[in-house]
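So you can see what is in the structure, the chains are spelled out below.
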Amino acid sequence: MSATQTPPPVLPLIIEISKLDVQIAGLQAQLKQIENERGTRTQAMSALELKRSARVKVAAEKKALSSREEKGIKLERDRINDRRRALGTLNNYKLQQAAEKEIDYVSKQVGQREELLLGLLREIDILEKDIQELDSTLQGLTGELSAFEKTASETTQGVQARLQELQTERAKQAQSVGNNQVLTLYSRAAAKFPSNPVVDVINRENCAGCHMKLGPQVVVQIARADVVKCVGCGRILKLPAE
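Residues numbered from 1 in each chain as written. Predicted model: local features only at pLDDT ≥ 70, side-chain atom pairs only at ≥ 80, totals over all residues. Heavy atoms only, no water.

Enquirer: For the overall build of the protein chain, give the residues involved together with the corresponding values.
Expert: Each helix and strand in the protein chain was counted, giving 4 helices and 3 strands. Beginning at the N terminus, the succession of helices and strands in the protein chain can be written as α-α-α-β-β-α-β. Expected size for 242 residues packed as a compact globule is a radius of gyration near 18 Å; at 40 Å, the protein chain overshoots this value by more than 25%. Reported as C-alpha extents along the three principal axes, the dimensions of the protein chain are approximately 135 × 40 × 30 Å. Counting every position in the protein chain, which comprises 242 residues, the buried fraction comes to 29%. (Helix = DSSP H or I, 4+ residues; strand = E, 2+ residues; numbered from the N terminus. Rg over C-alpha atoms; globule rule 2.2 N^0.38 Å. Buried < 20%, exposed > 50% of the residue type's maximum accessible area, 1.4 Å probe, protein only.)

Enquirer: Any details on the sheet that holds strand E3 (residues 236–238)? Residues and values, ideally.
Expert: Spatially, 3 strands are ordered E2-E1-E3 in an open sheet, and the strand pairing comes out mixed. The sheet is open, and its two edges are formed by strand E2 (206–207) and E3, each paired on a single side. Of the strand pairs in this sheet, strand E1 (residues 198–202) and E2 are connected by 2 bridges, and their pairing is antiparallel. Residue pairing across strands places Val-201 opposite Cys-207, the latter belonging to E2. (Pairing = 2+ DSSP bridges.)

Enquirer: Give me the nonpolar core: which residues, what numbers.
Expert: Counting residues in hydrophobic clusters, the biggest one holds 27 residues, and the most contacted among them are Ile-14, Ile-17, Val-177, Tyr-186, Ile-222, Ile-236 and Leu-237. Every element with two or more residues in this core is listed here: helix H1 (11–87), helix H2 (93–177), helix H3 (180–192), E1, helix H4 (216–223) and E3. In terms of nonpolar packing, the next biggest core, distinct from the first, is built from 7 residues, Leu-20, Ile-24, Leu-31 and Val-159 among them. (Core = buried A, V, L, I, M, F, W, Y, C linked by side-chain atoms within 4.5 Å.)

Enquirer: Which residues make up the pairing of E1, and what values do they have?
Expert: Bridging between E1 and E3 involves 3 bridges; their strand directions are parallel. In the strand pairing of E3, Val-199 is matched with Leu-237.

Enquirer: Talk me through the side chain of Arg-235; I want residue IDs and the actual numbers.
Expert: Tracing the backbone through its elements, the reader meets Arg-235 in the loop between H4 and E3. In this structure, Arg-235 is buried with no salt-bridge partner, the nearest side chain bearing the opposite charge being Asp-200 at 11 Å. Side-chain polar atoms of Arg-235 contact the backbone oxygen of Asn-196, separated by 3.2 Å. If we skip the residues at most four places from it in the chain, Arg-235 touches Ala-189, Phe-193, Asn-196, Pro-197, Val-199, Gly-209, Cys-210, Val-228, Lys-229 and Cys-230. (Lys, Arg positive; Asp, Glu negative; His and termini not counted. Salt bridge = Lys/Arg side-chain N within 4 Å of Asp/Glu carboxyl O. Polar contact = N/O pair within 3.5 Å; in protein donor to acceptor, adjacent residues only side chain to side chain. Contact = heavy atoms within 4.5 Å.)

Enquirer: So what's going on with the environment of Val-228? Residues and values would help.
Expert: In this fold, Val-228 is placed in the loop between H4 and E3. Between the C-alpha atom of Val-228 and that of Gly-143, which follows or precedes it by 85 residues, the distance is 54 Å.

Enquirer: Residues and numbers for the packing of H1 against H2, please.
Expert: As a packed pair, H1 and H2 sit with axes 4 Å apart at the nearest point and diverge in direction by 165 degrees. Classed by the angle they form, the pair H1 and H2 counts as roughly antiparallel. Helix-helix and strand crossings are classified by hand; for H1 and H2 the assignment is left-handed. A per-class count over the contact of H1 with H2 returns 38 nonpolar, 15 polar and 31 charged. (Axes fitted to C-alpha atoms, helices over the stretch in contact; angles between N-to-C directions. Parallel < 35°, antiparallel > 145°, perpendicular 65-115°, else oblique. Left-handed = near helix turned anticlockwise from the far one by under 90°. Nonpolar A, V, L, I, M, F, W, Y, C, P; charged D, E, K, R; others polar.)

Enquirer: Explain the side chain of Ser-66 residue by residue, including any values.
Expert: Tracing the backbone through its elements, the reader meets Ser-66 in helix H1. Taking the relative accessible area as the measure of exposure, Ser-66 reaches 6% and is therefore buried. Ignoring sequence-local partners within four residues, the contact set of Ser-66 consists of Leu-117, Leu-120, Leu-121 and Ile-124.

Enquirer: Which residues make up the packing of aromatic side chains, and what values go with them?
Expert: Per the stated rule, a full pass over the model turns up 0 aromatic pairs. Over the aromatic face of Phe-193 sits the side chain of Arg-235, whose NZ or CZ is 3.6 Å from the ring centroid. (Phe/Tyr/Trp six-rings, centres within 6.5 Å; stacked < 30°, edge-to-face > 60°. Lys NZ or Arg CZ within 6 Å of the ring centre and 35° of its normal.)

Enquirer: Lay out unusual backbone geometry in plain terms, naming residues and giving numbers.
Expert: Even without glycine at this site, Arg-204 takes up a positive phi of about 60 degrees. Secondary-structure assignment places Arg-204 in the loop between E1 and E2. A positive phi is found at His-211, a non-glycine position, where the angle reads about 65 degrees. For His-211, the position within the fold is in the loop between E2 and H4. Judged by relative accessible area, His-211 falls into the exposed class, the value being 55%.

Put into structure tokens, the structure is as follows:
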């Protein structure tokens, strides 16, 4: 190559870089989506585990309370039976009446406590059913998460390998450009419009990105493969492929 030979046009290289960047952005978005789904699944399981722990704690508290109530009711029943056995030994009518009133009062108190105990047992039964349902749901979610992790791991490996290839190719293309000003101009457009930093000129007069009308001189520059940005949106302009 002679020293005065014209360097290759830069615009085609920028177009290729933009295509690579769009692919890279798509793969990075895919990785992010996998991470988001993993986080959603993990959070769902954590929420259910917390809910289950709360149910187990309440059930344990109610079981302890019901156990104390059962013991208390048994003691009161024994007390009533002792009073009834002692009632026959009382010769004084007033004492008999007082003992019968006491037996009747304690029996009513025991009846109320038994109603409360039955309510507690019903609540415990409901809680235990809830815990069983949560265990079943957690087991299902654990299996789903395991299957997801297997698929996600395989997908992630493939995506990362492809990303490495694209990033290596992009580095080569960027090195071929050899113009830091052009790369800076493109980088600004790509940062602002990652999905389409390079757009066509529609009907040789309008930017396809923002539809701003372009002057004829701009079209001439693009036809020469110059790197030109739209003054309206900042995207790099190119002529559509025939």
